[in-house]
Amino acid sequence: MSATPLLDYLRGVIRAEGPLTLERYMAIALGHPRWGYYATGSPVGARGDFVTAPEITQVFGELIGAWCVDLWQRMGMPEPIILCELGPGNGTLMADLLRAARVVPAFGRAARLHLVETSAALRAIQARVLHGAAPHWHLSLESVPPGPLLLVANEFLDALPIRQFERRADGWHERRVGLDAAGTLVYTCDPAPTRDELPDWPVGSVIERRPAARILARDLGRRLAAQGGAALFVDYGYFPPAPGDTLQAVARHRRHDPLCDPGGADLTAHVDFADFAQAAAAAGARVWGPLSQARFLEALGIESRMNRLTAGQTAPQRSAIESGCRRLLNETQMGTLFKALALTGGGTPPPAGFE
Ligand code: SAH
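So, how was this worked out
Residues numbered from 1 in each chain as written. Predicted model: local features only at pLDDT ≥ 70, side-chain atom pairs only at ≥ 80, totals over all residues. Heavy atoms only, no water. Axes fitted to C-alpha atoms, helices over the stretch in contact; angles between N-to-C directions. Helix = DSSP H or I, 4+ residues; strand = E, 2+ residues; numbered from the N terminus. Parallel < 35°, antiparallel > 145°, perpendicular 65-115°, else oblique. Left-handed = near helix turned anticlockwise from the far one by under 90°. Contact = heavy atoms within 4.5 Å. Nonpolar A, V, L, I, M, F, W, Y, C, P; charged D, E, K, R; others polar. Pairing = 2+ DSSP bridges. Buried < 20%, exposed > 50% of the residue type's maximum accessible area, 1.4 Å probe, protein only. Arc of directions from axis to C-beta. Core = buried A, V, L, I, M, F, W, Y, C linked by side-chain atoms within 4.5 Å. Near = heavy atom within 4 Å. Polar contact = N/O pair within 3.5 Å; in protein donor to acceptor, adjacent residues only side chain to side chain. Areas by Shrake-Rupley, 256 points an atom, 1.4 Å probe, with all protein chains shown as cover. Phe/Tyr/Trp six-rings, centres within 6.5 Å; stacked < 30°, edge-to-face > 60°. Salt bridge = Lys/Arg side-chain N within 4 Å of Asp/Glu carboxyl O.

1. Notes on the packing of helix 1 (residues 5-17) against helix 2 (residues 22-31)
Here is step 1: At their nearest, the axes of helix 1 and helix 2 sit 11 Å apart, and the two run at 150 degrees to each other. If you check the angle between helix 1 and helix 2, you find them roughly antiparallel. Pair helix 1 / helix 2 crosses with right-handed handedness. Seen from helix 1, the contacting residues are Leu6, Tyr9, Leu10, Val13 and Glu17; seen from helix 2, they are Arg24, Tyr25, Ile28 and Ala29.
Here is step 2: Here the residues of the contact of helix 1 with helix 2 sort into seven nonpolar, no polar and two charged.

2. Some remarks on the sheet that holds strand 11 (residues 248-251)
Here is step 1: Spatial strand order, 12-11-13: three strands in an open sheet with antiparallel pairing. The outermost strands of the open sheet, each flanked by one partner alone, are strand 12 (254-256) and strand 13 (266-268). Each neighbouring strand pair of the sheet contributes to a mean axis angle of 40 degrees, computed without reference to strand direction.
Here is step 2: Of the strand pairs in this sheet, strand 11 and strand 13 are connected by three bridges, and their pairing is antiparallel. Each bridged residue has a counterpart across the sheet, and for Ala249 the counterpart in strand 13 is Leu267.

3. A word on the packing of helix 5 (residues 58-74) against helix 12 (residues 302-310)
Here is step 1: Here helix 5 crosses helix 12 at 120 degrees, and the two axes come no closer than 11 Å. Put simply, helix 5 runs oblique to helix 12. Considering only the axes of helix 5 and helix 12, their crossing is right-handed. Residues Gln58, Val59, Glu62 and Leu63 of helix 5 form the contact with helix 12, whose own contacting residues are Ile302, Arg305 and Leu309.
Here is step 2: When grouped by side-chain class, the residues that make up the contact of helix 5 with helix 12 number four nonpolar, one polar and two charged.

4. Digging into helix 8 (residues 120-129)
Here is step 1: If you check which residues of helix 8 are buried, you get Leu122, Ile125 and Gln126. Each buried residue of helix 8 sits inside an arc of 100 degrees when the element is viewed along its axis, so together they form one side. Exposed and facing more than 90 degrees away from the buried side of helix 8 are Ala120 and Arg128.
Here is step 2: The secondary structure elements touched by the buried residues of helix 8 are helix 3 (37-40), strand 3 (111-116) and strand 4 (136-138).

5. As for the nonpolar core
Here is step 1: Trp67, Leu83, Phe107, Leu150, Leu232, Phe296 and Phe354 are the most contacted members of the largest nonpolar core, which totals 48 residues.
Here is step 2: With residues near it in sequence (within four places) discarded, Phe354 still touches Trp67, Leu232, Trp288, Gly289, Leu291, Phe296, Ala340, Leu341 and Ala342.
Here is step 3: Ranked by size, the runner-up nonpolar core spans 30 residues in total, among them Ile28, Ile125, Ala251 and Ala265.

6. Concerning unusual backbone geometry
Comment: phi is negative for the bulk of residues other than glycine, and the bulk of peptide bonds are trans.
Here is step 1: Here Glu79 and Pro80 are connected by a cis peptide whose omega angle stands at 0 degrees.
Here is step 2: Its place among the elements puts Pro80 in the loop between helix 5 and strand 2 (81-86).
Here is step 3: Between Gly289 and the following residue, Pro290, the backbone shows a cis peptide bond with an omega angle of 5 degrees.
Here is step 4: In this fold, Pro290 is placed in strand 15 (residues 286-292).
Here is step 5: The residue Ala134 is not glycine, and still its phi comes out positive at about 50 degrees.
Here is step 6: As for its position among the elements, Ala134 is in the loop between helix 8 and strand 4.
Here is step 7: The backbone of Arg252 sits at a positive phi, close to 50 degrees, despite the residue not being glycine.
Here is step 8: Among the secondary structure elements, Arg252 is positioned in the loop between strand 11 and strand 12.

7. Focus: the side chain of Gln293
Here is step 1: By the element assignment, Gln293 lies in helix 11 (residues 293-299).
Here is step 2: A residue is classified by how much of its surface remains accessible, and Gln293, at 1% relative accessible area, is buried.
Here is step 3: Here Gln293 is in contact with Phe60, Val234, Leu328, Met334, Gly335, Phe338 and Lys339, once residues within four sequence places are set aside.

8. With respect to the site of the ligand
Here is step 1: Close to the ligand lie 18 residues; Thr52, Gly87, Gly89, Glu117 and Asn154 are nearest.
Here is step 2: Separating a nitrogen atom of the ligand from a backbone N or O atom of Asn154 is a distance of 2.8 Å.
Here is step 3: For the ligand, whose accessible area on its own is 570 Å², the fraction buried by protein is 91%.
Here is step 4: Taken together, the residues of the shell around the ligand break down into nine nonpolar, six polar and three charged.

9. Digging into the packing of aromatic side chains
Here is step 1: If you walk through the whole model with that rule in mind, you get six aromatic pairs.
Here is step 2: Each ring, one from Trp172 and one from Trp201, has its centre 6.4 Å from the other, and the planes form 70 degrees; the classification is edge-to-face. On the criterion of sequence distance, the pair formed by Trp172 in strand 7 (residues 171-179) and Trp201 in the loop between strand 8 (185-189) and strand 9 (206-209) is long-range, its members being 29 residues apart.
Here is step 3: Taken together, a centroid distance of 5.1 Å and an interplanar angle of 35 degrees make the contact between Phe296 and Phe354 tilted. Of this pair, Phe296 sits in helix 11 while Phe354 sits in the segment after strand 16 (338-345); the two residues are 58 residues apart in sequence, bridging distant segments of the chain.
Here is step 4: The exposure class of Phe296 is buried, given its relative accessible area of 1%.

10. Re the pattern of salt bridges
Here is step 1: On inspection of all chains with the given rule, the structure shows 16 salt bridges.
Here is step 2: With a shortest N-O distance of 2.5 Å, Arg176 and Asp190 are connected by a salt bridge. With a gap of 14 residues between them, Arg176 in strand 7 and Asp190 in the loop between strand 8 and strand 9 connect regions that are remote in the sequence.
Here is step 3: Of the residues examined, Asp190 reaches a relative accessible area of 18% and is grouped as buried.
Here is step 4: The salt bridge involving Arg218 is made with Asp219; its shortest N-O contact spans 3.1 Å.
Here is step 5: Residues joined in a network through salt bridges with shared partners are Glu62, Asp96, Arg99 and Arg305.

Below you can see the structure in the form of structure tokens.
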């Protein structure tokens, strides 16, 4: 653990307040405005810390663009339509989406682009990549203007902070991050059981909860029910609910100890799709899926899109496109672990791929 300003800051907070919940630790390590992970680097891409589907192949964003246009048409082409992305990263998905959507020029005229992004560094990249689409930025969904909505989010939920609890004989105990005598960050656990209601799993189990995802599901569910539209979430995670510690740190495409480099490594955890779906449904949204990413992309026609793209290309270009698509579909890579879930509301018809 090398000395960094963020580590000093965390030590100070822990000395003043006692051990931090994992939720608080993750929020600071990722989101500290000056030294947090998303404030400092360019996390996504071949030269960043991790690679996401839109950075692997343009086909991903193009298929989602066709998904949006199709649904917009079947919604009766409302104008304006709020086109929103949560956590756009380098802006690649949205650029590919908008390019594919150009086949229906009326969609481009109707769409108002709103990006929910906390990182100033990534906002600057998005401004460059998406300048033609005149985006508006927001710190949360709350300030996105009302009206019919089409929302997309890839690898957004996995970045929202989690809490973790350990099952002991007398109940669930919340895990925290404290300091040992040498000032090193270490895991600790609340001595008293939590009063949160959690399922009855065997002693020794670990369970994760993600309050920010539940709040988002509730707010989005209410909004879709009242104003219409759809939201598409693609992320890695589990369905049905499963016990287990899924917190992971990644830097330069390699796994790290989540406590060893706060601010220097990306911290994520698997998404609990059942929990997210249940919170959205309770708020009035209709839930579609989750489907595996492979099934979803196959239903959207990834094969024919790939064939059209590779036609007339040189052999190396063809094999680059094909290997990118295979990586998204392959069971041992992203095909099964990644899942797609959609929410709709207010009489919006079933979204493509989920009917
Ligand atoms: N969707 C992109 C990037 C995924 S990385 C892709 O698929 O390549 C996660 C993104 O979410 C980053 O843009 C990060 O800055 C943003 N982010 C993380 N936590 C956030 C929060 N609480 N509010 C808004 N944006 C957040």
